Amino acid sequence: MAKSTESNNPENPSPLARTPLYDLSLELKARMVPFSGWEMAVQYSGLSSEHQTVRSQVGMFDISHMGKFGLRGKQLRTKFQPLVPSDLSRLQPGQAQYTVLLNAQGCILDDIIFYCQEPDATTSEERAVIIVNAATRIRDKAWIAAHLELSGVSFTDISPDKVLIAIQGPEAVSYLQPLVADNLTPIKAFGHLETILLGQPSFIARTGYTGEDGFEIMIDAAVGKELWQKLLTAGVVPCGLGARDTLRLEAAMALYGQDIDYNTTPLEAGLGWVVHLDTKGDFIGREVLEQQKASGVSKRLVGLEMAGKHIARHGYPVIFESEKVGEVTSGTLSPTLNKPIALAYVPTKLAKSGQELEVEIRGKNYPARVVKKPFYRSPNRPS
């Protein structure tokens, strides 16, 4: 995976990049760690308390390290179609599609969100925002530039210019609404709009990586700092990457580089719902996915629940009848469920719910069971 090595401060000798909100996190005594080429807050008050706050009230995350691309041009969605397996033609302005970039082998280069915006009022050109993973931004940028029909299309990396803040939890609307000009309540899941926030233009999407209701806000850096401070003053709890990871795992959301990568296809990863073979034309990797759909996949990403309190971590072997049959990709002790949960790839014949397996932890096998995903479904998510 490509990793960013630039620094936001030329006087900072660290090879790690820092977001515009870095100093605000230091003021809050956040514990900082390296992550995908960035120096990021892993926790503020504590992982468990941050996690529970997002589930019950509201928390905010600095996710400015994520890659952010802007596109505009005539027939933009049509030209972008060959890069993804999802049918983008059905998107209306204000709607978004979670999807994946694929290589020729039908495997996942990155998972992305494609936001279809209102056309340019003057030129009628289509416009879109794409959010990609921090670790793959450089590679994604090169891949898109190489495979997108760029004639008449503007493709810009706006990552350095924008702050991205996620405000997540059942009380997200009530805390964010006083700062925003437009009514947020009617926005559906994966809906978005351009509006005025704190007197400045902003992009707000009802998306997130926690399994809860909430918003992701893209704004200029100076406005982002003001927004962070106002939310903090209002009582919104700052949360780090640690809670973001446990929240997304409870919701069974894949982490690129662990649960999905360029060796796994969306059909193997349980992302068949983003593959629209029946409603769109050719795309990179289509032939492979057609063959997989016809013959079936040999492995699947499943949810595992451990029988005891032992935690299955990334890379631990999955055992069936004394033989290694798979590997854990992500695992944690679920703060909401108070039990160890994990994601793992296993042979398709062992992927059915209720299947008894074992996980090898430090040389000893412990019982596990395949369960339906997600592990936790929040009652607060909008339709």
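Before reading on, note that the structure itself is shown above.
Residues numbered from 1 in each chain as written. Predicted model: local features only at pLDDT ≥ 70, side-chain atom pairs only at ≥ 80, totals over all residues. Heavy atoms only, no water.

(A) How the structure looks around the overall build of the protein chain. Per the secondary structure count, the protein chain includes eight helices and 19 strands. Counting only C-alpha atoms, the protein chain reaches 65 × 50 × 45 Å along its principal axes. Out of the 383 residues in the protein chain, the part that is buried amounts to 56%. For the protein chain, long-range pairs separated by at least 24 residues make up 65% of all intrachain contacts whose partners lie at least 6 apart in sequence. In the protein chain, 40 positive and 42 negative side-chain charges are present, and the distance between their average locations comes to 4 Å. (Helix = DSSP H or I, 4+ residues; strand = E, 2+ residues; numbered from the N terminus. Buried < 20%, exposed > 50% of the residue type's maximum accessible area, 1.4 Å probe, protein only. Contact = heavy atoms within 4.5 Å. Lys, Arg positive; Asp, Glu negative; His and termini not counted. Charge placed at Lys NZ, Arg CZ, Asp CG, Glu CD.)

(B) How the structure looks around the pattern of salt bridges. Following the criterion strictly, the structure yields 17 salt bridges and no others. Among the salt bridges present, the one from Glu-39 reaches Arg-18, with a minimum N-O distance of 3.0 Å. Remark: Arg-18 occurs in the segment before α1 (22–27) and Glu-39 occurs in strand β2 (residues 38–43); sequence separation between them is 21 residues. By sharing partners, the salt bridges in this structure join Arg-55, Glu-212 and Glu-250 into a single network. (Salt bridge = Lys/Arg side-chain N within 4 Å of Asp/Glu carboxyl O.)

(C) Geometry of the nonpolar core. Counting residues in each nonpolar core, the largest one holds 41 residues, and the members touching the most others are Phe-61, Ile-108, Tyr-115, Ile-260 and Leu-271. Going through the elements one at a time, β5 (95–102), β6 (108–117), β7 (126–132), β9 (162–168), β11 (200–205), α7 (241–250) and β17 (339–347) are the ones with two or more residues in this core. When residues of this core are assigned to their parent elements, the largest contribution, four residues, is made by β5. For Ile-108, the residues in contact, after removing those within four places along its chain, are Val-100, Leu-101, Leu-102, Tyr-256, Ile-260, Asp-261, Tyr-262, Thr-264, Thr-265, Pro-266 and Leu-271. Grouped together as the second largest cluster of nonpolar side chains are 31 residues, Val-58, Ile-187, Leu-193 and Val-236 included. (Core = buried A, V, L, I, M, F, W, Y, C linked by side-chain atoms within 4.5 Å.)

(D) Looking closely at α7. Summarising burial for α7: nine of the 10 residues are buried, a large majority. Listed as buried for α7 are Leu-241, Gly-242, Ala-243, Arg-244, Thr-246, Leu-247, Arg-248, Leu-249 and Glu-250. Looking at the buried side of α7, the elements it contacts are β1 (31–35), β2, α2 (47–56), β3 (59–62), β16 (323–334) and β17. The positive-phi residue at the C-terminal boundary of α7 is Ala-252, with phi of around 55 degrees.

(E) Region of the structure containing the sheet that holds strand β4 (residues 67–73). The five strands are arranged β5-β6-β7-β4-β8 in an open sheet whose pairing can be described as antiparallel. Each edge of the open sheet is held by one strand with a lone partner, namely β5 and β8 (153–157). Taken over all neighbouring pairs, the strand axes of this sheet differ in orientation by 25 degrees on average, direction set aside. Note: β4 against β8, five bridges, orientation antiparallel. The residue bridging Leu-71 from the neighbouring strand is Phe-155, located in β8. (Pairing = 2+ DSSP bridges. Axes fitted to C-alpha atoms, helices over the stretch in contact; angles between N-to-C directions.)

(F) Spatial organisation of the pairing of strand β10 (residues 192–197). Alignment of β10 against β11, held across six bridges, turns out to be antiparallel. Bridge pairing links Ile-196 to Pro-201 in β11. Turn length for the β10-β11 hairpin, with the two strands adjacent in sequence and antiparallel, is two residues, and the turn residue Leu-198 shows positive phi of about 50 degrees.

(G) Region of interest: the sheet that holds strand β19 (residues 364–371). A barrel is described by the order of its strands in space; here six strands give the closed sequence β14-β17-β16-β15-β18-β19, paired in antiparallel fashion. If you compare each strand with its neighbour and ignore which way they point, the axes differ by 45 degrees on average. In this structure, strand β18 (residues 356–361) lies alongside β19, joined through six bridges in antiparallel fashion. Residue pairing in the sheet places Glu-358 in a bridge with Pro-367 of β19. Sheet strands touched by α7: β16 and β17. Its angle to β16, the strand with the most contacts, is close to 120 degrees.

Geometry only, nothing functional implied.
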